[in-house]
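Overview (structure and organization)
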Amino acid sequence: MEPIVSMRGITKSFGPVRALEGVDLDLRRGEVLALLGDNGAGKSTLIKILSGLHVADSGTMEIAGNPVDWKGYDVAAARRLGVETVYQERSLGEKQPLWRNVFVGRHLKTKLGLIDAKREKEETRKLLADVLGLKGAGLHPEARVATLSGGERQGLAIARAMYFDATIIVLDEPTTALGVGEAGKVLSFVERLRDEGRSCLFVSHELHHVHRIADRMALMEQGRIASIFERSEIGLKELAERLLLGHEGRR
Ligand SMILES: Nc1ncnc2c1ncn2[C@@H]1O[C@H](COP(=O)(O)OP(=O)(O)OP(=O)(O)O)[C@@H](O)[C@H]1O
Ligand SMILES: [Mg+2]
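Residues numbered from 1 in each chain as written. Chains lettered and ligands numbered in written order. Predicted model: local features only at pLDDT ≥ 70, side-chain atom pairs only at ≥ 80, totals over all residues. Heavy atoms only, no water.

One pass over the structure, following the stated rule, counts 18 salt bridges. Between glutamate 230 and arginine 28 there is a salt bridge; the shortest N-O distance is 3.3 Å. On the criterion of sequence distance, the pair formed by glutamate 230 in strand S10 (residues 224–230) and arginine 28 in the loop between strand S2 (17–27) and strand S3 (32–37) is long-range, its members being 202 residues apart. Since its relative accessible area comes to 30%, glutamate 230 is described here as partly exposed. Of the residues examined, arginine 28 reaches a relative accessible area of 40% and is grouped as partly exposed. Beyond isolated ion pairs, a larger network of salt bridges with shared partners links Arg18, Glu21 and Arg224. (Salt bridge = Lys/Arg side-chain N within 4 Å of Asp/Glu carboxyl O. Helix = DSSP H or I, 4+ residues; strand = E, 2+ residues; numbered from the N terminus. Buried < 20%, exposed > 50% of the residue type's maximum accessible area, 1.4 Å probe, protein only.)

Next up on the list: the nonpolar core. Core analysis: the biggest nonpolar cluster contains 42 residues, and Leu36, Leu156, Ile158, Leu171, Phe202, Met217 and Leu239 have the highest contact counts within it. Looking at this core element by element, the count peaks at six residues for helix H5 (residues 150–163). Looking at which domains feed residues into this core, each of domain 1 (5–90 + 147–249) and domain 2 (96–143) gives three or more. Once you skip the residues sitting within four places of it in the chain, isoleucine 158 turns out to touch Val86, Leu171, Val186, Phe189 and Leu193. Residues Ile10, Leu35, Ala56 and Val83 belong to the second largest nonpolar core, which totals 30 residues. (Core = buried A, V, L, I, M, F, W, Y, C linked by side-chain atoms within 4.5 Å. Domains from an automatic or database assignment. Contact = heavy atoms within 4.5 Å.)

Turning to the site of ligand 1, a few remarks are in order. Contacts to ligand 1 come from 13 residues, most closely from Asn39, Gly40, Lys43, Thr45 and His205. Within the side chain of asparagine 39, an N or O atom sits 2.8 Å from an oxygen atom of ligand 1. Between ligand 1 and histidine 205 there is a distance of 2.7 Å, counted from an oxygen atom to a side-chain nitrogen or oxygen. Considering ligand 1 on its own, with 630 Å² of exposed area, one finds that the protein chains cover 61% of that surface. (Near = heavy atom within 4 Å. Polar contact = N/O pair within 3.5 Å; in protein donor to acceptor, adjacent residues only side chain to side chain. Areas by Shrake-Rupley, 256 points an atom, 1.4 Å probe, with all protein chains shown as cover.)

The next point concerns the sheet that holds strand S1 (residues 5–14). The antiparallel open sheet is built from four strands, whose spatial order is S2-S1-S4-S5. Strands with a single pairing partner mark the edges of an open sheet, and in this sheet they are S2 and strand S5 (66–67). The sheet contact formed by S1 and strand S4 (residues 58–63) spans five bridges and is antiparallel. In the strand pairing of S4, valine 5 is matched with isoleucine 63. (Pairing = 2+ DSSP bridges.)

What follows deals with unusual backbone geometry. Even without a glycine there, the phi angle at aspartate 165 is positive, about 65 degrees. By secondary structure assignment, the location of aspartate 165 is in the loop between H5 and strand S7 (168–172). A relative accessible area of 56% places aspartate 165 in the exposed class. Residue glutamate 173 is not a glycine yet carries a positive backbone phi of 50 degrees. Positionally, glutamate 173 belongs in the loop between S7 and helix H6 (180–195).

With domains assigned, the protein chain is organised as domain 1 (5–90 + 147–249) and domain 2 (96–143). In this structure, domain 1 and domain 2 have C-alpha centres spaced 27 Å apart. Summing both sides of the interface, domain 1 and domain 2 together bury roughly 1,300 Å²; the carbon and sulfur share of this comes to 68%. When the buried area of domain 1 at its contact with domain 2 is split by residue, Leu156, Tyr163 and Phe164 rank highest and sum to 40% of it. (Buried area = accessible area lost by both parts, 1.4 Å probe.)

With that out of the way, let us pick up empty space enclosed by the protein. For the coordinates displayed, the defined rule picks out one cavity of 30 Å³ or more. Counted as a void, the largest cavity has a volume near 30 Å³. Val5, Met7, Leu25, Leu27, Leu50 and Leu201 are the residues that line the largest cavity. Elements with a contribution of two residues or more to the lining of the largest cavity: S1 and S2. Grouping the amino acids of the lining of the largest cavity by side-chain chemistry returns six nonpolar, no polar and no charged. (1 Å grid on protein atoms, 1.4 Å probe; cavity = no way out; pocket = protein on both sides within 12 Å on 5 of 7 lines; lining within 4 Å. Points joined across faces, edges and corners; volume = space filled by probe spheres on them. Nonpolar A, V, L, I, M, F, W, Y, C, P; charged D, E, K, R; others polar.)

A few words now on the packing of helix H4 (residues 117–131) against H5. Running from N to C, H4 and H5 cross one another at 110 degrees; their axes reach a closest spacing of 11 Å. Taken as axis vectors, H4 and H5 run roughly perpendicular relative to one another. The two elements H4 and H5 cross, and the hand of that crossing is right-handed. Along the contact surface, H4 presents Glu123, Leu127, Leu128 and Val131, while H5 presents Leu156, Ala159, Arg160, Met162 and Tyr163. Split by residue class, the contact of H4 with H5 holds seven nonpolar, no polar and two charged. (Axes fitted to C-alpha atoms, helices over the stretch in contact; angles between N-to-C directions. Parallel < 35°, antiparallel > 145°, perpendicular 65-115°, else oblique. Left-handed = near helix turned anticlockwise from the far one by under 90°.)

As structure tokens, this is what we get:
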């Protein structure tokens with residue numbers, strides 16, 4: 001089966017800084033692909049290109065068989081192709097109630113074209129209960145995001161992506177700064193995505209998280225994909241050693 005995302009020869013510079021130097025990467029259908037590498041290796045830049053936040057300087061990208069025309073490619077275009085990105089911060093408005101966060105920028109409308117707040121709240125309630133399995137008394141559509149734990153916030157952002165039928169979900173360090181229990185929640189949301197046949201590109205520095213859920217692991221070094229491993233090919237210890245080698249290689 002053809003991959004859901006196929007990137008070839010992607011380059012990107014910021015002024016004199018060469019962030020990406022000819023990246024070839026495929027994301028397969030229904031897989032979790034982890035992107036690993038040192039600080040500054042180019043991981044976030046690569047996923048921002050997929051998400052439509054940055055445009056590549058050169059190279060090609062196909063999403064679900066559609067060649068991307070860089071000229072019209074932005075976050076909205078990426079969403080239309082099924083790409084949703086969850087950032088560690090800033091993806092939710094702290095002071096907004098949950099239901100506003102779910103539908104911001106993509107409101108459900110009444111026949112008259114007005115925002116259908118009633119339906120948005122009802123859909124949020126379903127999302128919390130059915131998708132997230134959050135049934136705590138404090139977790140109703142009117143609750144503020146600020147009342148959610150870190151893992152629940154990430155979960156809400158992931159659930160929102162699922163609600164809008166994203167087929168490709170991009171996560172940039174979703175478990176960083178979370179406690180063990182909260183990180184575990186996020187990992188199980190990612191497993192749920194995969195169970196539904198969706199694909200996930202997961203950037204993380206936390207090797208034990210990555211190794212637990214990723215089907216494949218791509219190592220980036222200085223703007224390139226240095227190697228890709230199937231989970232069955234590499235143990236956690238070996239993975240850590242391999243990353244360290246890349247780090248030493250930079251000196
Ligand atoms: N908007 C920008 N303007 C200028 N330079 C940038 C910009 N974004 C990234 N860079 C540079 O591009 C290189 C790759 O950065 P990137 O953020 O992709 O790394 P990363 O692998 O995500 O690192 P980290 O693990 O620290 O998040 C770095 O040298 C960085 O300083
Ligand atoms: Mg980054």
